[in-house]
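# What the coordinates show
Spelled out from the first residue to the last, the chains are:
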Amino acid sequence: MALKLVNLSKRFGGVTASADVNMTVPRGTITGLIGPNGAGKTTIINMITGMMDVSGGQILLEDRDITRAAPDDICRAGLARTFQNIRILPENSVLDNILIGFHRHEHCSTLSALFGLPASRQETQAIRDKARSLLTQFGMSAYADYPAGGLSYGHQRKVEMMRALASEPDYMLLDEPIAGMNDVESDILAELFQHLAEAGKGILLIEHNIRFVSKLCEKIYVLDGGRLIAEGPPAQALRDPAVIAAYIGGSDA
Ligand SMILES: Nc1ncnc2c1ncn2[C@@H]1O[C@H](COP(=O)(O)OP(=O)(O)OP(=O)(O)O)[C@@H](O)[C@H]1O
Ligand SMILES: [Mg+2]
């Protein structure tokens, strides 16, 4: 079972942000996507999640073609993402921001929710309990009632991850999840990502921190100028002369 990209392409006028990209993100492992600034990494996640039209190619989610599906349908199909440029409701509490993620599993009718009928109350309580357990998992219980916008970037990223996990996705697409975190925080997240993968989720990890990627990923893909220039186990792909040249030639060395 996997998320597959087949010859995925994206052009912005004269700029080719993605050129015939073929990738597989299997469940149960962490797959890395690296490359210098502007290589086209975020564009890949934007296309997978339906936030950006594709110019060519296909996106297959466990053999279902989701290439032109709407973002809501893609979320319901079991895909969740986090954003490189954090997107949270800054004025709302951390808990409220997480509760938004449960939207996919809200089964109550609007009426029963409006009048607080028992089924709805039960479900609301169950959802709140799940949100609290996510907060515990991420070591963020103390911040449940804080306005999310007042937190450090590292903590705001965790809020996004909890919101993504609240939808109980089969696949998580993480765009630079440890940017702004110290080593202690990123080590905790490394363990968490490993647990999520062991539990059967497929994880696509975009990250500039090579040490982090190498530690976690079974396989990595390397993009440069929208093209895949290498793929394989980190130790092997990172030794590829094309990868070394891309990093030395770019601003990211
Ligand atoms: N909405 C857009 N409109 C026009 N060009 C875009 C758009 N989004 C991305 N691009 C261009 O596509 C290319 C790839 O951008 P992308 O953001 O995917 O790179 P990235 O690998 O995520 O870079 P970074 O490491 O800096 O986040 C860049 O040349 C960028 O300017
Ligand atoms: Mg990016």
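Anyway, here's the lowdown on the structure attached to this text.

### Some thoughts on the side chain of Glu185
- Relative to the helices and strands, Glu185 resides in helix α7 (residues 183–198).
- Of the side chains with opposite charge, Lys158 comes closest to the buried, unpaired Glu185, at an N-O distance of 4.1 Å.
- Other than its neighbours up to four places away in sequence, Glu185 contacts His155, Lys158 and Gly180.

### Some words on the site of ligand 1
- The local shell around ligand 1 holds 15 residues, among which Gly38, Lys41, Thr42, Thr43 and Gln84 are the closest.
- The backbone of Gly38 places a nitrogen or oxygen atom 2.8 Å from an oxygen atom of ligand 1.
- Here Ala39 contributes a backbone N or O atom positioned 3.2 Å from an oxygen atom of ligand 1.
- Relative to its unbound accessible area of 630 Å², ligand 1 is 62% covered by the protein chains.
- Here the element with the most residues in the shell around ligand 1 is helix α1 (residues 41–48); it accounts for 3 residues.
- Within the shell around ligand 1, the residues separate by chemical class into 6 nonpolar, 7 polar and 2 charged.

### Here's the deal with the nonpolar core
- One finds Ile98, Phe138, Met162, Phe193 and Leu205 to be the most contacted residues of the largest nonpolar core, which totals 46 residues.
- When residues of this core are assigned to domains, at least three fall in each of domain 1 (1–78 + 169–253) and domain 2 (89–168).
- Look past the residues within four positions of Ile98 in its chain and what remains in contact with it is Ala131, Leu134, Leu135, Met162, Arg163 and Ala166.
- Listed in part, the 24 residues of the second largest apolar core include Leu5, Val21, Ile44 and Ile66.

### A short note on the pattern of salt bridges
- All chains considered together, the criterion is met by 7 salt bridges.
- A salt bridge links Glu62 to Arg27; the nearest nitrogen and oxygen atoms lie 3.1 Å apart. On the criterion of sequence distance, the pair formed by Glu62 in the loop between β4 (56–61) and β5 (64–65) and Arg27 in the loop between β2 (15–26) and β3 (30–34) is long-range, its members being 35 residues apart.
- In this structure, the salt-bridge partner of Glu231 is Lys219, at a minimum N-O distance of 3.0 Å. Of this pair, Glu231 sits in strand β10 (residues 227–232) while Lys219 sits in strand β9 (residues 219–224), and the two are 12 residues apart along the sequence.
- When its relative accessible area of 39% is taken as the criterion, Glu231 is described as partly exposed.
- By relative accessible area, Lys219 is classed as partly exposed at 30%.
- Linked by salt bridges that have partners in common, Arg27, Glu62 and Asp170 make up one network.

Conventions used here
- Residues numbered from 1 in each chain as written.
- Chains lettered and ligands numbered in written order.
- Predicted model: local features only at pLDDT ≥ 70, side-chain atom pairs only at ≥ 80, totals over all residues.
- Heavy atoms only, no water.
- Helix = DSSP H or I, 4+ residues; strand = E, 2+ residues; numbered from the N terminus.
- Buried < 20%, exposed > 50% of the residue type's maximum accessible area, 1.4 Å probe, protein only.
- Lys, Arg positive; Asp, Glu negative; His and termini not counted.
- Salt bridge = Lys/Arg side-chain N within 4 Å of Asp/Glu carboxyl O.
- Contact = heavy atoms within 4.5 Å.
- Near = heavy atom within 4 Å.
- Polar contact = N/O pair within 3.5 Å; in protein donor to acceptor, adjacent residues only side chain to side chain.
- Areas by Shrake-Rupley, 256 points an atom, 1.4 Å probe, with all protein chains shown as cover.
- Nonpolar A, V, L, I, M, F, W, Y, C, P; charged D, E, K, R; others polar.
- Core = buried A, V, L, I, M, F, W, Y, C linked by side-chain atoms within 4.5 Å.
- Domains from an automatic or database assignment.

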